Amino acid sequence: MIRQFGGARRRLIEELAEKGIDDVSVLKAFDDVPRHLFVPSGLHHRAYEDAPLPIGHGQTISQPWVHAKYLQLLALTGRERVLEIGTGSGFQTALLTRLAGEVFTIERIPELAEEARRSLSACGIERVSQRVGDGTLGWPEQGPYDAILVGAASPDVPAPLLEQLAVGGQLLVPVGGRDEQVLMRIRRTEGGFERAKLDAMRFVPLIGTHGFEA
Ligand code: SAM
């Protein structure tokens, strides 16, 4: 089951490389983690398309290129403490376990969190701390984090996430309207925060205290 779709997986990895993903550790993580185990069974045959797919509850598993782009930007070394907001399918969570030291993830929809837990477990991944709740508040008890990834569109940068970033750490968050956003990278320095606007993105909304209203 885990090694199924080997040919399709290799073609996806080649496609990601053609689209500018050249970090070998990121490409290897895509080879290690079977994306078909993170989508509904009726969509297994489409799991290795470079496309978002529905996962129920009006949510999507993000496009593989988006996950790869995030991971390449973070340039993780295997030692970092990472917080992911928007577990969704759990696929990026699984990729993170291949690249970071400790992974914490928050999802607001309990059924998706449970399904993600099952998918992670089916891949033999137990080394993840999961929480159901409002990720716009972060997870202060476990911070500070070397990296925080937001996998949903936010109207602004959630202040609690900035506070929970370690010095030298970086936050990736798509900021904008419900229909279109710009990916922002924010690095925490000794003196404050450095902000950069990167690629245009399209995510489902981040719903919560520091996000959009439901
Ligand atoms: N990386 C995930 C994936 O590919 O499966 C992203 C999934 S989807 C694009 C974004 C997820 O963020 C959804 O599951 C949604 O329920 C979740 N979400 C939205 N607002 C949230 C919040 N305030 N806290 C935690 N999760 C939230």
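What counts as what
Residues numbered from 1 in each chain as written. Predicted model: local features only at pLDDT ≥ 70, side-chain atom pairs only at ≥ 80, totals over all residues. Heavy atoms only, no water. Helix = DSSP H or I, 4+ residues; strand = E, 2+ residues; numbered from the N terminus. Buried < 20%, exposed > 50% of the residue type's maximum accessible area, 1.4 Å probe, protein only. Contact = heavy atoms within 4.5 Å. Areas by Shrake-Rupley, 256 points an atom, 1.4 Å probe, with all protein chains shown as cover. Pairing = 2+ DSSP bridges. Axes fitted to C-alpha atoms, helices over the stretch in contact; angles between N-to-C directions. Near = heavy atom within 4 Å. Polar contact = N/O pair within 3.5 Å; in protein donor to acceptor, adjacent residues only side chain to side chain. Phe/Tyr/Trp six-rings, centres within 6.5 Å; stacked < 30°, edge-to-face > 60°. Lys NZ or Arg CZ within 6 Å of the ring centre and 35° of its normal. Parallel < 35°, antiparallel > 145°, perpendicular 65-115°, else oblique. Left-handed = near helix turned anticlockwise from the far one by under 90°. Nonpolar A, V, L, I, M, F, W, Y, C, P; charged D, E, K, R; others polar.

**Some thoughts on the overall build of the protein**
Here comes step 1: The helix and strand inventory of the protein stands at six helices and nine strands.
Here comes step 2: Taking the principal axes of its C-alpha atoms as reference, the protein extends roughly 50 × 35 × 35 Å.
Here comes step 3: When the 214 residues of the protein are sorted by exposure, 52% land in the buried category.
Here comes step 4: Relative to all contacts within the protein whose residues are 6 or more apart in sequence, the contacts with residues 24 or more apart total 54%.
Here comes step 5: Total accessible area computed for the protein in this model is approximately 9600 Å², and 49% of it derives from carbon and sulfur atoms.

**Quick word on the sheet that holds strand β6 (residues 145-150)**
Here comes step 1: The seven strands are arranged β5-β4-β3-β6-β7-β8-β9 in an open sheet whose pairing can be described as mixed. At either end of the open sheet lies a strand with only one pairing partner, and these are β5 (128-132) and β9 (192-201). Between one strand axis and the next, the sheet turns by 15° as a mean value, whatever way the strands run.
Here comes step 2: Pairing between strand β4 (residues 102-107) and β5: five bridges, direction parallel. Residue pairing for β5: Ile 106 is matched across the bridge by Arg 131.
Here comes step 3: Relative to the sheet, helix α5 (residues 110-122) contacts β4 and β5, its axis offset from that of β5 by approximately 165°.

**Some details on the environment of Arg 131**
Here comes step 1: Here Arg 131 lies in strand β5.
Here comes step 2: The partly exposed category is assigned to Arg 131, whose relative accessible area is 29%.
Here comes step 3: Along the primary structure Arg 131 and Leu 171 are separated by 40 residues, whereas in three dimensions their C-alpha atoms are 19 Å apart.
Here comes step 4: Ignoring sequence-local partners within four residues, the contact set of Arg 131 consists of Thr 105, Ile 106, Glu 107, Gly 138, Trp 139 and Glu 141.

**Side note on the environment of Leu 183**
Here comes step 1: Looking at the element boundaries, Leu 183 is found in strand β8 (residues 181-189).
Here comes step 2: Using a relative accessible area of 0% as the deciding quantity, one classes Leu 183 as buried.
Here comes step 3: A sequence separation of 30 residues divides Leu 183 from Glu 213, and the C-alpha atoms of the two residues are 20 Å apart.
Here comes step 4: The residues touching Leu 183, leaving out its near neighbours within four places in the chain, are Tyr 70, Leu 73, Leu 172, Val 173, Pro 174, Ala 196, Lys 197, Leu 198, Asp 199 and Met 201.

**A word on the site of the ligand**
Here comes step 1: Neighbouring the ligand are 25 residues, the closest being Ser 62, Ser 89, Glu 107, Gly 135 and Ile 207.
Here comes step 2: In the environment of the ligand, an oxygen atom lies 2.6 Å from a nitrogen or oxygen atom belonging to the side chain of Glu 107.
Here comes step 3: With respect to the ligand, the backbone of Gly 135 contributes an N or O atom lying 2.8 Å from a nitrogen atom.
Here comes step 4: For the ligand, whose accessible area on its own is 590 Å², the fraction buried by protein is 99%.
Here comes step 5: Broken down by element, the shell around the ligand gets its largest block of residues, three residues, from strand β2 (residues 59-61).

**Observations concerning the packing of aromatic side chains**
Here comes step 1: Within this structure, the stated rule accounts for six aromatic pairs.
Here comes step 2: Here the aromatic residues Phe 30, Phe 38 and Phe 91 are joined through ring pairs into a cluster of three or more.
Here comes step 3: Positioned over the ring face of Phe 91 is Arg 35, at 5.9 Å from the centre of the ring.

**Focus: the packing of helix α2 (residues 24-32) against helix α4 (residues 91-99)**
Here comes step 1: In contact at an axis separation of 9 Å, α2 and α4 are set at 125° when each is read in the N-to-C sense. In this view, α2 runs oblique relative to α4, as classed from their interaxial angle. Seen along the crossing, α2 lies across α4 with a hand that is right-handed. Contacts between α2 and α4 involve Ser 25, Val 26, Ala 29, Phe 30 and Asp 32 from the former and Phe 91, Leu 95, Arg 98 and Leu 99 from the latter.
Here comes step 2: Looking at side-chain class alone, the contact of α2 with α4 contains six nonpolar, one polar and two charged residues.

**Overview of the environment of Asp 134**
Here comes step 1: When you line up the elements, Asp 134 lands in the loop between β5 and β6.
Here comes step 2: Taking the relative accessible area as the measure of exposure, Asp 134 reaches 23% and is therefore partly exposed.
Here comes step 3: Distance in space between the C-alpha atoms of Asp 134 and Arg 108 is 5.6 Å, their sequence separation being 26 residues.
Here comes step 4: Beyond its immediate stretch of four places on either side in the chain, Asp 134 contacts Ile 106, Ile 207, Gly 208 and Thr 209.
Here comes step 5: Side chain to side chain, Asp 134 and Thr 136 meet in a polar contact 2.8 Å long.

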